[in-house]
Amino acid sequence: MKIAIFEFRQETNSFNPALSTIESFKRGGILEGEQINEALKGTRCAVTGILAAIEEAGGTAIPCYSMVSQSGGIVKQSVVNGFLEKAIAMINENEPFDGVFISLHGATQSTKTDDVCGYIISSIRSAIGDNCVISASCDLHANVTPLIIQNTDLICGYHTYPHEDYFETGYRAGKLGLEQIQKKNLHTAYVSIPMIVPANSYSTLSGPFHELMEYGNSLVSQGKLSDFSIFQMQPWLDVSVGGSSVIAIGLNEASAKAAAREIAVLLLNLRHTFKLDLYTIDEVIDLAKKNKKNKPVVLVDSADSTNAGAAGDSVAVVQRILERDVSIKTAFVVDDAPAAAAAHKAGVGNSITVSLGGTKDHVRSKSITVEAYVKSLHDGIFVQEGPSGYGLVNNIGLTAVLRIADIIDIVVCHNMAGNGDLQLYRSFGVEPLFYQLVVVKACTSFRTAYESIAGTICMTDTPGAARSNMFAFKFNKLPQSFYPFSNLDDYSTPEAVCSRQVLN
């Protein structure tokens, strides 16, 4: 069995005004051929999971092309075109193939198409023909469209949020793809649900969504399904064809369809539980003022999470602390390349007057002018301690730690990544345990790391392109009958919503 390996991953936030360019992918990594094996050796990602499944089955893997970017704004179409030109050329040079296995995010939008992943998959399908098996691994927040379904044989999504099963998901996609090549005749059932919910309103660690995921796992362990995936669509994706979805894979077509419909109905019935009671910034400041423990108050600024495609350039929390003139030992992080460059120019031990924040999202982020002491300078390379993303190497560009008002330490970087990992602070000499207040710009990825060290975790209402309040955004493309903008009252029952959507 000869398998071509590809990867194209970027999660799009339609409300981030800064386009994702080829530079975004150069920072994330562009790899060709043997570079893929060399760069990913020893890592546990979707591609290495796919490769492990192929090696285990005695197949031949042909690593072809990989492009990865941090989440961000809409992708320039020229980037997508460049990927496809390279991918099609490599298919033509190395065919025939028994399969094409690809790692995607699944929720990617470009300046030309709302469905980049569907466009990529359908283009690859046209190049290789109908007899070649296409298997894809996707993020749990993928927007799995009919175009994707029609052109893939198998799709596997992450089972964890915070995401910890990148490797395992790739392995599942690889293993099932190989089984399909060997004529196991797996059937895929798909149900699309007209719903988005805030990404920080659920996790697979506990609660209703955890229980639903466990139910899906029980169907697999009992042999009723070969695999399943539940996709909660990236909620800040404004597209005309979109929604959450469920995929069930099995040897029996009827049972796969029944399971997909059942899980979809259960997911839809949970929609009103996916809500958050948010603190105001002032409420968290007041809690931090009283914090005399050895554990920090964690202010979760999920609205500005670059993991969710926001800009990471908001300084709203720092601005409010300064406006109130309160003395709180605070750790903060901001994406601000000009400020980082100014600090490197000034040098350690010097003071600078600098504009901070508002460098990327000019709609939702405002800058402030501060007097800052340059505490330390760094190259911006750090290794995540996990457990989520353990060992992942991040490069956030030239980085500085600035001290403001003698008590606020700010990690200022070029391109924020690893938001939920403690090493985003620790690698630059900022130990979260030594602060009364720590600001974390992440939706859920922070939980596995921060819950063990936090005194209190406060999900907070802050400005940004990834706010939990869906009504804060103007969606121009989503259909009218779409939760939460509609209670879906035009459908008689949840079963009616889901049963209409089944494709095979």
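This is a predicted model, so every value here is computed, not measured.

One open sheet holds the six strands; their spatial order is β2-β3-β1-β4-β5-β6, and the pairing between them is mixed. Single-partner strands in this sheet number two, and they are β2 (30-32) and β6 (154-157). Neighbour-to-neighbour, the strand axes of this sheet turn through a mean angle of 15°, independent of strand direction. Relative to strand β3 (residues 60-68), strand β1 (residues 2-9) is paired through eight bridges, and the arrangement is parallel. Considered in β3, the bridge of I3 is made with A61. Across the face of the sheet, helix α3 (residues 46-56) comes into contact with β1, β3, β4 (99-104) and β5 (133-138) while running at roughly 170° to β1. Against the sheet, helix α7 (residues 166-181) touches β1, β4, β5 and β6, its axis set at about 165° to β5.

Right, let's get into the packing of aromatic side chains. In this structure the tally under the stated criterion is 14 aromatic pairs. Between Y158 and Y166, the aromatic rings sit 5.3 Å apart at their centres with planes inclined by 85°, giving edge-to-face as the arrangement. Judged by its relative accessible area of 3%, Y158 is buried. The class of Y166 is partly exposed, set by a relative accessible area of 25%.

Next up on the list: a nonpolar patch on the surface. On the surface, I381, V383 and V393 cluster together into a nonpolar patch covering about 260 Å² of accessible area. Looking at the secondary structure, you find V383 in strand β14 (residues 381-383).

To continue, consider the pairing of strand β10 (residues 297-300). Of the two faces of β10, the one carrying V297 and L299 and the one carrying V298 and V300 are both buried. Here β10 runs beside strand β18 (residues 437-440); their pairing, made up of four bridges, is parallel. Pairing of V300 across the sheet is with V440, part of β18. One ladder, built from four bridges, connects β10 with strand β19 (residues 456-459); its direction is parallel. Residue pairing for β19: V297 is matched across the bridge by T456.

One open sheet holds the three strands; their spatial order is β7-β9-β8, and the pairing between them is antiparallel. Sheet topology places β7 (187-193) and β8 (227-231) at the edges, where each strand pairs with a single neighbour. Recorded for the sheet is a direction-independent mean angle of 10° between the axes of neighbouring strands.

Relative to the elements of secondary structure, N291 occurs in the loop between α10 (281-289) and β10. The buried category is assigned to N291, whose relative accessible area is 8%. Separated by 3.1 Å, the side chain of N291 and the backbone oxygen of K295 make a polar contact. A distance of 3.0 Å separates a polar atom in the side chain of N291 from the backbone oxygen of Q436.

As a further point, take the pattern of salt bridges. Counted according to the given criterion, the structure contains 22 salt bridges. Between R125 and D153 there is a salt bridge whose closest N-O contact spans 2.9 Å. With R125 in helix α5 (residues 116-128) and D153 in the loop between α6 (146-151) and β6, this pair connects stretches of sequence that are 28 residues apart. Residue E385 pairs with R426 through a salt bridge whose shortest N-O separation is 3.1 Å. Here E385 is found in the loop between β14 and β15 (393-395), whereas its partner R426 is found in helix α13 (residues 423-426), with 41 residues between them in sequence. Owing to a relative accessible area of 29%, E385 belongs among the partly exposed residues under this scheme. For R426, a relative accessible area of 26% corresponds to the partly exposed category. Overlapping salt bridges, with partners in common, bring together D282, D286, R320, E323 and R324 in one network.

Rules and cut-offs
Residues numbered from 1 in each chain as written. Predicted model: local features only at pLDDT ≥ 70, side-chain atom pairs only at ≥ 80, totals over all residues. Heavy atoms only, no water. Pairing = 2+ DSSP bridges. Helix = DSSP H or I, 4+ residues; strand = E, 2+ residues; numbered from the N terminus. Axes fitted to C-alpha atoms, helices over the stretch in contact; angles between N-to-C directions. Contact = heavy atoms within 4.5 Å. Phe/Tyr/Trp six-rings, centres within 6.5 Å; stacked < 30°, edge-to-face > 60°. Buried < 20%, exposed > 50% of the residue type's maximum accessible area, 1.4 Å probe, protein only. Patch = residues over 30% accessible without salt bridge, like charges linked within 9 Å, V, L, I, M, F, W, Y side chains within 5 Å. Areas by Shrake-Rupley, 256 points an atom, 1.4 Å probe, with all protein chains shown as cover. Salt bridge = Lys/Arg side-chain N within 4 Å of Asp/Glu carboxyl O. Polar contact = N/O pair within 3.5 Å; in protein donor to acceptor, adjacent residues only side chain to side chain.

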